[in-house]
Amino acid sequence: MTATPDLGTSQLASPDLLRSVFRQHAAGVAVITARGETGPVGFTATSLSSVSAQPPMLSFGISTGASSWPAISGADHVGVHILGEHQEQLAATFARSGADRFGAPTVWHEGPEGVPVLDGVLAWLVCRVVARVPAGDHRIVIAEVVLGDHAGSGRPLLYHQGRFNGLRD
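About the cut-offs
- Residues numbered from 1 in each chain as written.
- Predicted model: local features only at pLDDT ≥ 70, side-chain atom pairs only at ≥ 80, totals over all residues.
- Heavy atoms only, no water.
- Pairing = 2+ DSSP bridges.
- Helix = DSSP H or I, 4+ residues; strand = E, 2+ residues; numbered from the N terminus.
- Salt bridge = Lys/Arg side-chain N within 4 Å of Asp/Glu carboxyl O.
- 1 Å grid on protein atoms, 1.4 Å probe; cavity = no way out; pocket = protein on both sides within 12 Å on 5 of 7 lines; lining within 4 Å.
- Points joined across faces, edges and corners; volume = space filled by probe spheres on them.
- Nonpolar A, V, L, I, M, F, W, Y, C, P; charged D, E, K, R; others polar.
- Core = buried A, V, L, I, M, F, W, Y, C linked by side-chain atoms within 4.5 Å.
- Buried < 20%, exposed > 50% of the residue type's maximum accessible area, 1.4 Å probe, protein only.
- Contact = heavy atoms within 4.5 Å.
- Axes fitted to C-alpha atoms, helices over the stretch in contact; angles between N-to-C directions.

Peer 1: When you look at the pairing of strand 11 (residues 157-160) in this model, what are you seeing that I'm missing?
Peer 2: Residues in a regular strand point their side chains to alternate faces of the sheet. Pairing of strand 1 (residues 27-28) with strand 11, which is carried by two bridges, proceeds in the antiparallel orientation. By the bridge assignment for strand 11, Gly28 is matched with Leu158. When strand 11 meets strand 12 (residues 163-166), the two strands line up antiparallel, connected through four bridges. Across the sheet, the residue bridging to His160 is Arg163, located in strand 12.

Peer 1: What should I look at first to understand the pattern of salt bridges in this one?
Peer 2: Two side chains bearing opposite charge may form a pair once their charged atoms approach each other closely. Summed over all chains, the structure comprises three salt bridges. Note that Asp16 is salt-bridged to Arg19, the shortest N-O span being 3.0 Å. Taken together, the residues span about one helical turn, with Asp16 and Arg19 both in helix 1 (residues 15-23) at a distance of three residues. A salt bridge links Arg128 to Glu144; its shortest N-O distance comes to 2.7 Å.

Peer 1: How should the layout of surface pockets be read in this particular structure?
Peer 2: Left-over empty space is what a probe sized like a water molecule reveals as it rolls over the atoms. The volume enclosed by the largest pocket comes to roughly 1,200 Å³. Together, 28 residues line the largest pocket, and Arg19, Phe22, Thr46, Ser47 and His138 are the ones closest to its centre. Counting residues per element, the ones that place at least two in the lining of the largest pocket are helix 1, strand 3 (39-45), strand 5 (56-63), strand 10 (138-149) and strand 11. The biggest single contributor to the lining of the largest pocket is helix 1, with five residues. Per-class residue counts for the lining of the largest pocket are 14 nonpolar, eleven polar and three charged. If you add up the space inside the second largest pocket, you get close to 180 Å³. Forming the walls of the second largest pocket are Arg35, Gly36, Glu37, Thr38, Val41, Ser67, Ser68, Pro70, Ala71 and Gly74. Those elements that place two or more of their residues in the lining of the second largest pocket are strand 2 (30-36) and helix 2 (69-74).

Peer 1: Can you help me understand the nonpolar core in this one?
Peer 2: Soluble, globular proteins show a tendency: their nonpolar side chains are buried together. Core analysis: the biggest nonpolar cluster contains 18 residues, and Ile32, Phe43, Phe60, Ile72 and Val78 have the highest contact counts within it. Looking at this core, the elements that each hand over two or more residues are strand 2, strand 3, strand 5, helix 2, strand 6 (77-82), strand 9 (123-135) and strand 10. Apart from residues no more than four positions distant in its own chain, Phe43 is found in contact with Ala30, Val31, Ile32, Phe60, Gly61, Ile62, Ser68, Ile72 and Phe94. Formed by 15 residues, the second largest nonpolar core is a distinct cluster that contains Leu90, Ala91, Phe102 and Val117.

Peer 1: Help me understand the sheet that holds strand 6 in this model?
Peer 2: The strands that make up a sheet are held in pairs by hydrogen bonds between backbone atoms, and each pair lies either parallel or antiparallel. Pairing is antiparallel in the open sheet, where seven strands are placed in the order 3-2-6-9-10-5-4. For this open sheet the edge positions go to strand 3 and strand 4 (49-53), each flanked by a neighbour on one side alone. Geometrically, the sheet is characterised by an average inter-axis angle of 35° between neighbouring strands, direction not taken into account. Bridging between strand 2 and strand 3 involves seven bridges; their strand directions are antiparallel. Paired with Ala34 across the bridge in strand 3 is Val41. The sheet strands contacting helix 3 (residues 88-95) are strand 2 and strand 3, and the helix crosses strand 3 at an angle near 110°.

Next up, the structure:
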């Protein structure tokens, strides 16, 4: 027999309810980058999802109020970086508003299609943007993988309960 949820504690839909529920959901941590008009831009994302194997496609969400949105909204290509548990500080830097995300100690280089590629990550992809789908105050960006590298070593960085964490055995 399965337990039924306690409907006495249920809440009507709200931004706070959604945030509280997703704090219970552990997610991998990625950094999305693009070339902007005045230099590289990037942000930390936990909304990364695989969409299709043939052709290889992925998606991520970004707020239209994010400082990176103007560049992402016009970019033909983006970089997608899977962070390792040793990169908690890098994740925090790219999540912090107003931070110099590409200044020291961030190590990066210009990759294919002019996309900023972060060094030392577990894996990275350069992707061609194929769609930006309106979704409330966000856009879901769908992108086709052009090339990448999965040769990094280590364990993935996770985000849970409002904090960055590593996997536990």
